[in-house]
Amino acid sequence: MDNGESSYRRFLTGDDSGIVEIIREYKDSLTFFLNSFVGDLNTAEELCEDTFVKLAVKKPGFHAKSSFKTFLYAIGRNVAIDYLKKSKKKIYLEDIGEVVSYDEDPVSLYIKEERKLAVHRAMGKLKSEYRQALWLTYFEELSNKETAAVMKKSVHSIETLIYRARLALKSQLEKEGFVYEEL
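Residues numbered from 1 in each chain as written. Predicted model: local features only at pLDDT ≥ 70, side-chain atom pairs only at ≥ 80, totals over all residues. Heavy atoms only, no water.

Side note on the overall build of the chain
In terms of regular secondary structure, the chain is built from 8 helices and 0 strands. Overall, the chain shows an N-to-C arrangement of helices and strands of α-α-α-α-α-α-α-α. Expressed as a percentage of contacts within the chain between residues at least 6 apart in sequence, the contacts between residues at least 24 apart total 61%. If you sum the accessible surface of the chain, you get close to 10,500 Å²; carbon and sulfur atoms cover 51% of it. (Helix = DSSP H or I, 4+ residues; strand = E, 2+ residues; numbered from the N terminus. Contact = heavy atoms within 4.5 Å. Areas by Shrake-Rupley, 256 points an atom, 1.4 Å probe, with all protein chains shown as cover.)

Okay, here's the thing in structure tokens:
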């Protein structure tokens, strides 16, 4: 799949299997991204569904100025912002589980899991913009340009935001007595 673009184009021409492919490909990662806004996995799942409904019903035009994933995440971000405006909820990032490889020894797995939990807890204490920038860049592996498109900022602003977010995350981890060398 070419990042969803061909599936969306097929959907727009009447092939409903295209939207099914997009949902299968992006539902989990989009849900976790939306969770960084609302701090509740159930709500994030609902917002993810709303995003796909908006994509399927309104059929916004994709002009390939960015990747399809960036286009989809921007729609999801707008859905989440609309939800937050209506509900006026605070934004938190929940700990996220991940599939673990059992090829490693249990001690290494435990240490890795503790590091991930510490990073997620510390991210939950950062400003919303910092969490979003870090999430899109490091967890979703979007480029700075794609992150800028999703967050509706300039690339330079994103670079500065990521730099400050990394410093804030490192500081927060140090306050909690944890030193994360990879920052």
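Next comes the rest of the description.
Brief notes about the confidence of the model for the chain
Model confidence for the chain is summarised by a mean pLDDT of 79, while 80% of its residues fall at 70 or above. Across the chain, the secondary-structure element scoring lowest on mean pLDDT is helix α5 (residues 106-124), at 69, and the one scoring highest is helix α3 (residues 41-58), at 91. Every residue in residues 89-104 scores below 50 in pLDDT, and together they form 37 contacts with partners more than four places removed in sequence or on other chains. (pLDDT = per-residue confidence, 0-100.)

Observations regarding the packing of aromatic side chains
Considering all chains together, one arrives at 10 aromatic pairs under this definition. Centre to centre, the rings of F62 and F71 are 5.0 Å apart; their planes meet at 55°, and the pair counts as tilted. Taking the relative accessible area as the measure of exposure, F62 reaches 7% and is therefore buried. You can call F71 buried: its relative accessible area is 13%. One aromatic cluster is present, formed by Y8, F11, Y26, F62, F68 and F71 through successive ring pairs. Taking NZ or CZ as reference, K127 lies 4.8 Å from the ring centre of Y130, over its face. (Phe/Tyr/Trp six-rings, centres within 6.5 Å; stacked < 30°, edge-to-face > 60°. Buried < 20%, exposed > 50% of the residue type's maximum accessible area, 1.4 Å probe, protein only. Lys NZ or Arg CZ within 6 Å of the ring centre and 35° of its normal.)

Digging into the packing of helix α6 (residues 128-139) against helix α8 (residues 155-175)
Two elements in contact, α6 and α8, have axes separated by 9 Å at closest approach and are oriented at 105°. Taken together, the axes of α6 and α8 are roughly perpendicular relative to one another. Side by side, α6 and α8 meet where E129, Y130, A133, L134, T137 and Y138 of the first sit next to L161, I162, R164, A165, R166, A168 and L169 of the second. Looking at the contact of α6 with α8, its residues break down into 9 nonpolar, 1 polar and 3 charged. (Axes fitted to C-alpha atoms, helices over the stretch in contact; angles between N-to-C directions. Parallel < 35°, antiparallel > 145°, perpendicular 65-115°, else oblique. Nonpolar A, V, L, I, M, F, W, Y, C, P; charged D, E, K, R; others polar.)

A few points about a negative patch on the surface
A contiguous patch of negative charge, built from D28, D40, E45, E46, E49 and D50, is present on the exposed surface. With 4 residues, the single largest contributor to the negative patch is α3. Structurally, E45 is set in helix α3. (Patch = residues over 30% accessible without salt bridge, like charges linked within 9 Å, V, L, I, M, F, W, Y side chains within 5 Å. Salt bridge = Lys/Arg side-chain N within 4 Å of Asp/Glu carboxyl O. Lys, Arg positive; Asp, Glu negative; His and termini not counted. Charge placed at Lys NZ, Arg CZ, Asp CG, Glu CD.)

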